Amino acid sequence: MIPPCAADTGRLPPGIHEATWQEILVRYGFNARRLRLLAGFKAALDNLRQVGCARVYLDGSFVTAKEIPNDFDACWEMAGVDFDALDSLQPTLLDWSHRRAAQKVLFGGELFIAESAADPWGTPYLEFFQRDRDSGEPKGIVALSLGDLP
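Residues numbered from 1 in each chain as written. Predicted model: local features only at pLDDT ≥ 70, side-chain atom pairs only at ≥ 80, totals over all residues. Heavy atoms only, no water.

**What about the overall build of the chain?**
Here's step 1: Helix and strand content of the chain: five helices and five strands.
Here's step 2: If you list the helices and strands of the chain from N to C, you get β-α-α-β-β-α-α-β-α-β.
Here's step 3: The globule rule puts the C-alpha radius of gyration for 150 residues at 15 Å, and the 14 Å found for the chain is close to it.
Here's step 4: Principal-axis analysis of the C-alpha atoms gives the chain an extent of 45 × 35 × 25 Å.
Here's step 5: Within the chain, buried positions represent 45% of all 150 residues.
Here's step 6: Here the contacts in the chain between residues at least 6 apart in sequence split such that 61% fall between residues at least 24 apart.
Here's step 7: Counting only carbon and sulfur atoms, one obtains 55% of the accessible surface of the chain, whose full area is about 7500 Å².
Here's step 8: Each charge sign in the chain was given a centre, from 15 positive and 21 negative side chains, and these centres are 7 Å apart. (Helix = DSSP H or I, 4+ residues; strand = E, 2+ residues; numbered from the N terminus. Rg over C-alpha atoms; globule rule 2.2 N^0.38 Å. Buried < 20%, exposed > 50% of the residue type's maximum accessible area, 1.4 Å probe, protein only. Contact = heavy atoms within 4.5 Å. Areas by Shrake-Rupley, 256 points an atom, 1.4 Å probe, with all protein chains shown as cover. Lys, Arg positive; Asp, Glu negative; His and termini not counted. Charge placed at Lys NZ, Arg CZ, Asp CG, Glu CD.)

**A word on the side chain of arginine 55**
Here's step 1: Tracing the backbone shows arginine 55 in strand E2 (residues 55-59).
Here's step 2: A distance of 2.8 Å separates polar atoms of two side chains, one belonging to arginine 55 and the other to tyrosine 57.
Here's step 3: Ignoring sequence-local partners within four residues, the contact set of arginine 55 consists of Ile16, Glu18, Cys75, Trp76, Glu77, Ala143, Leu144 and Leu146. (Polar contact = N/O pair within 3.5 Å; in protein donor to acceptor, adjacent residues only side chain to side chain.)

**Side note on the packing of aromatic side chains**
Here's step 1: Under the counting rule described, the total for this entry stands at eight aromatic pairs.
Here's step 2: Seen in terms of ring centroids, tryptophan 76 and phenylalanine 83 are 5.8 Å apart; in terms of plane orientation they differ by 35 degrees. Their pairing is tilted.
Here's step 3: Classification of tryptophan 76 by relative accessible area gives buried; the value is 0%.
Here's step 4: Here phenylalanine 112 and tyrosine 125 contribute two aromatic rings whose centre-to-centre distance is 4.1 Å and whose plane-to-plane angle is 15 degrees, an arrangement assigned as stacked. Separated by 13 residues along the polypeptide, phenylalanine 112 in strand E4 (residues 109-113) and tyrosine 125 in helix H5 (residues 125-128) bring together distant segments of the chain.
Here's step 5: Given the relative accessible area of 7%, phenylalanine 112 is considered buried. (Phe/Tyr/Trp six-rings, centres within 6.5 Å; stacked < 30°, edge-to-face > 60°.)

**Considering helix H1 (residues 21-28)**
Here's step 1: Within H1, burial applies to Trp21, Ile24 and Tyr28. Projected onto a plane normal to the axis of H1, the buried residues spread over an arc of 60 degrees and lie on a single side. In H1, those exposed residues whose orientation departs by more than 90 degrees from the buried face are Gln22 and Val26.
Here's step 2: For H1, the elements touching its buried residues are strand E1 (15-19), helix H2 (32-50), E2 and strand E5 (140-145). (Arc of directions from axis to C-beta.)

The structure is reproduced here in structure tokens:
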């Protein structure tokens, strides 16, 4: 279940908050911009599920109280993923060049491997996403099991 955002920061409380696709749609699909971003996110998830990915984490301004987010940020667990199949099916999900420009065009957001380094100190994206990039304060993210996708 996705808890309410904090009134003072607009962010989720710290932690990984489990959600179903339906919960994500209801909570975050409240305007046309967000619905377009969710459609792109779902397209990426469908590709990842086809190649064996089991779990994805949603982050960024998309999971805050911000009414019109620019995009979404997500990371996916690599356990079980057939990278050759992913490269054949949707190589854009493995393209992090030009600040992930191809991902942004195709999906409306950026998707990283959860275990890969997000910064020069080697912080994995899954951990990196749980800190506010400006203040360093802990914040929450949303987890989705791809086996539950419609």
